[in-house]
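Overview (structure and organization)
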Amino acid sequence: SKAAGRNTSTWFEAGMEQRVAARAALEADLRQALGEGQFELHYQPQCDLRRQMTGAEALLRWRHPQRGMVPPGEFIALTEETGIIIPLGSWVLRTACAQLARWADDARTAQLRMAVNVSAQQFHRPDFVEQVLAALAETGARADRLKLELTESLLLKDVEATIARMELLRTEGVGFSLDDFGTGYSSLSYLHRLPLEQLKIDRSFVWDADSGRHGKAIVHTIAGLGKALRIEVMAEGVETEAQLELIREGGCHLFQGYLYSRPLPPDALQAFIEQASLA
Ligand code: C2E
Ligand code: CA
Ligand code: CA
Ligand code: CA
């Protein structure tokens with residue numbers, strides 16, 4: 001009936017209003033969170049096929065006073081839309097570099113690499129290179145132990161300028177990994193021109209490989225591409241021994257995933273490293 005239709009639409013609009021209000025509240029909370037130190041970095045260990053730890057990826061967490069631990073999937077996009085990612089991303093870089101500098105003090109951890117995710121908004125800022133170099137200088141971390149994870153869409157924005165910016169950091173020793181590789185637009189035409197040291201196979205392919213679909217062929221193809229271009233290849237999201245076997249068969253030598261370790265807060269990471277080096 002007409003009345004029911006009207007009710008439905010009113011109800012729907014109320015839902016919209018609630019979503020807009022929730023978003024505004026989230027934005028206000030995010031602005032406050034940075035000032036109040038509610039963000040944390042957790043670190044997910046990465047390793048080779050013999051399960052020797054090679055480094056870790058820094059992953060952002062938000063310890064919300066009421067909601068508890070909030071994963072980045074629930075707030076990163078909004079920080080990007082609102083520009084909050086600029087100060088937040090700078091905090092991430094400095095915090096990850098500080099951890100990296102602490103690793104340098106211990107012979108067991110001095111070789112480890114730190115991978116840091118970088119948003120397009122951060123990367124395309126004119127002062128991005130300075131920001132990275134400042135984070136390294138402030139903390140005393142070595143540039144050649146830092147690896148920045150970029151996405152395909154970020155690289156597509158302005159290829160020439162992007163390559164120039166990457167080359168600048170590359171000269172200082174900073175490495176680059178192409179994250180979520182295979183999920184974005186095909187970048188094969190300029191891939192060989194990018195100063196990349198790593199391709200990261202998206203976990204969707206690792207999972208597809210396990211279920212016997214095209215993922216297995218994709219893992220093979222990306223590993224072969226990496227070999228041809230002399231770029232190392234890392235698989236992410238490896239959860240099972242069967243998945244590990246498939247990426248090994250595919251020719252991929254590095255991985256990260258729950259099978260080796262979940263992302264860990266700094267003290268648990270330290271315990272993990274100590275236990276790993278005893279083994
Ligand atoms: P990503 O860069 O692809 O990071 C890998 C994600 O996969 C992480 O989710 C990690 O916890 C999860 N993961 C790792 N191994 C496994 C596994 O074996 N199984 C499953 N199911 N998941 C696994 P997380 O921490 O929720 O991060 C989600 C995304 O948020 C990241 O995806 C990245 O795009 C973004 N992100 C995280 N930290 C930062 C940051 O500091 N800056 C920026 N710009 N983005 C970040
Ligand atoms: Ca990543
Ligand atoms: Ca990824
Ligand atoms: Ca991803």
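The preceding data block contains the structure.
Here's a quick rundown of the structure. Being a predicted model, the structure only gives us computed values, none of them experimental. (Residues numbered from 1 in each chain as written. Chains lettered and ligands numbered in written order. Predicted model: local features only at pLDDT ≥ 70, side-chain atom pairs only at ≥ 80, totals over all residues. Heavy atoms only, no water.)

Brief notes about the pattern of salt bridges
Following the criterion strictly, the structure yields 19 salt bridges and no others. Note that Glu197 is salt-bridged to Arg113, the shortest N-O span being 2.8 Å. Taken together, the residues span a long stretch of sequence, with Glu197 in the loop between helix H8 (188-191) and strand E7 (198-201) and Arg113 in strand E4 (residues 113-117) at a distance of 84 residues. Shared partners join several salt bridges into a network, and the residues in it are Glu57, Glu149 and Lys200. (Salt bridge = Lys/Arg side-chain N within 4 Å of Asp/Glu carboxyl O. Helix = DSSP H or I, 4+ residues; strand = E, 2+ residues; numbered from the N terminus.)

Here's the deal with the packing of helix H5 (residues 128-139) against helix H7 (residues 159-172)
The geometry of H5 relative to H7 is characterised by a closest axis approach of 10 Å and an angle of 20° between their N-to-C directions. Relative to H7, the element H5 lies roughly parallel. In this structure, H5 crosses over H7, and the sense of that crossing is right-handed. Residues Phe128, Val129, Val132 and Leu133 of H5 touch H7, and the partners they reach there are Arg165, Leu168, Leu169 and Glu172. Its residues assigned to classes, the contact of H5 with H7 shows 6 nonpolar, no polar and 2 charged. (Axes fitted to C-alpha atoms, helices over the stretch in contact; angles between N-to-C directions. Parallel < 35°, antiparallel > 145°, perpendicular 65-115°, else oblique. Left-handed = near helix turned anticlockwise from the far one by under 90°. Contact = heavy atoms within 4.5 Å. Nonpolar A, V, L, I, M, F, W, Y, C, P; charged D, E, K, R; others polar.)

Considerations on the site of ligand 1
With respect to spatial proximity, 21 residues lie near ligand 1, and among them Arg61, Ser119, Arg203, Glu239 and Tyr258 are the closest. One nitrogen or oxygen atom from the side chain of Gln44 is found 3.0 Å from a nitrogen atom belonging to ligand 1. If ligand 1 stood free it would expose 810 Å²; the protein chains cover 84% of that surface. The set of elements that each furnish at least two residues to the shell around ligand 1 consists of strand E2 (53-64), strand E6 (175-181) and helix H9 (203-210). In terms of residue count, the dominant contributor to the shell around ligand 1 is E2 (4 residues). For the shell around ligand 1, the residue count by class is 9 nonpolar, 5 polar and 7 charged. (Near = heavy atom within 4 Å. Polar contact = N/O pair within 3.5 Å; in protein donor to acceptor, adjacent residues only side chain to side chain. Areas by Shrake-Rupley, 256 points an atom, 1.4 Å probe, with all protein chains shown as cover.)

Here's the deal with the coordination of the calcium ion (ligand 3)
At the metal site, the calcium ion (ligand 3) is ligated by Asp179 (OD), Asp180 (OD), Glu236 (OE) and Glu236 (OE), and these contacts range over 2.3 to 2.5 Å. One chain supplies every donor for the calcium ion (ligand 3), spaced along it as D-D-x55-E. Between the calcium ion (ligand 3) and the calcium ion (ligand 2) the interatomic distance amounts to 3.9 Å, and Asp179 serves as a bridging ligand to the pair. Taken as a pair, Asp180 in strand E6 and Glu236 in the loop between strand E8 (232-235) and helix H11 (241-249) lie far apart in primary sequence, 56 residues in all. The exposure class assigned to Glu236 is buried, which follows from its relative accessible area of 7%. (Donors = N, O, S within 2.8 Å, 3.2 Å for Na, K, Ca; no water. Buried < 20%, exposed > 50% of the residue type's maximum accessible area, 1.4 Å probe, protein only.)

Notes on the nonpolar core
Membership of the largest hydrophobic core comes to 73 residues, with the highest contact counts inside it found for Val132, Leu146, Leu148, Leu196, Leu199 and Ile247. Per element, the largest residue contribution to this core is 8 residues, and it comes from helix H3 (residues 85-104). Ignoring anything within four residues of it in the chain, the contact list for Val132 reads Leu93, Leu146, Leu148, Leu169 and Val174. (Core = buried A, V, L, I, M, F, W, Y, C linked by side-chain atoms within 4.5 Å.)

Observations concerning the environment of Leu150
Positionally, Leu150 belongs in strand E5 (residues 146-151). With a relative accessible area of 0%, Leu150 lands in the buried category. Along the backbone, Leu150 and Phe181 are 31 residues apart, and their C-alpha atoms lie at a distance of 9.7 Å. Leaving out residues up to four positions away in the same chain, Leu150 has contacts with Val118, Phe123, Leu155, Met166, Phe176, Ser177, Leu178 and Asp179.

Focus: the packing of aromatic side chains
Considering all chains together, one arrives at 6 aromatic pairs under this definition. Between the aromatic rings of Phe123 and Phe128, the centroid separation amounts to 5.3 Å while the plane-to-plane angle is 50°, which identifies the pairing as tilted. With relative accessibility at 0%, the residue Phe128 sits in the buried group. By the ring-pair criterion, three or more aromatic residues cluster together here, those being Phe39, Trp62 and Phe75. Its end group placed over the ring of Tyr258, Arg262 keeps NZ or CZ at 3.8 Å from the ring centre. (Phe/Tyr/Trp six-rings, centres within 6.5 Å; stacked < 30°, edge-to-face > 60°. Lys NZ or Arg CZ within 6 Å of the ring centre and 35° of its normal.)

So, the environment of Leu199
When you line up the elements, Leu199 lands in strand E7. Separated by 20 residues in sequence, Leu199 and Asp179 have C-alpha atoms that sit 6.6 Å apart.

A look at unusual backbone geometry
You will see that Arg51, though not glycine, has its phi angle at about 60°, which is positive. With respect to the helices and strands, the residue Arg51 is situated in the loop between strand E1 (39-48) and E2. For Arg230, which is not glycine, the phi dihedral falls at a positive 55°. Following the sequence through the fold, Arg230 ends up in the loop between helix H10 (215-229) and E8.

Here's the deal with the packing of H3 against H5
Where H3 contacts H5, the axes come no closer than 8 Å and their chain directions differ by 35°. In this structure, H3 crosses over H5, and the sense of that crossing is right-handed. Together, Ser90, Leu93, Arg94, Cys97, Ala98 and Ala101 of H3 and Phe128, Gln131, Val132, Ala135, Leu136, Glu138 and Thr139 of H5 make up the contact between the two elements. Among the residues forming the contact of H3 with H5, the class breakdown is 8 nonpolar, 3 polar and 2 charged.

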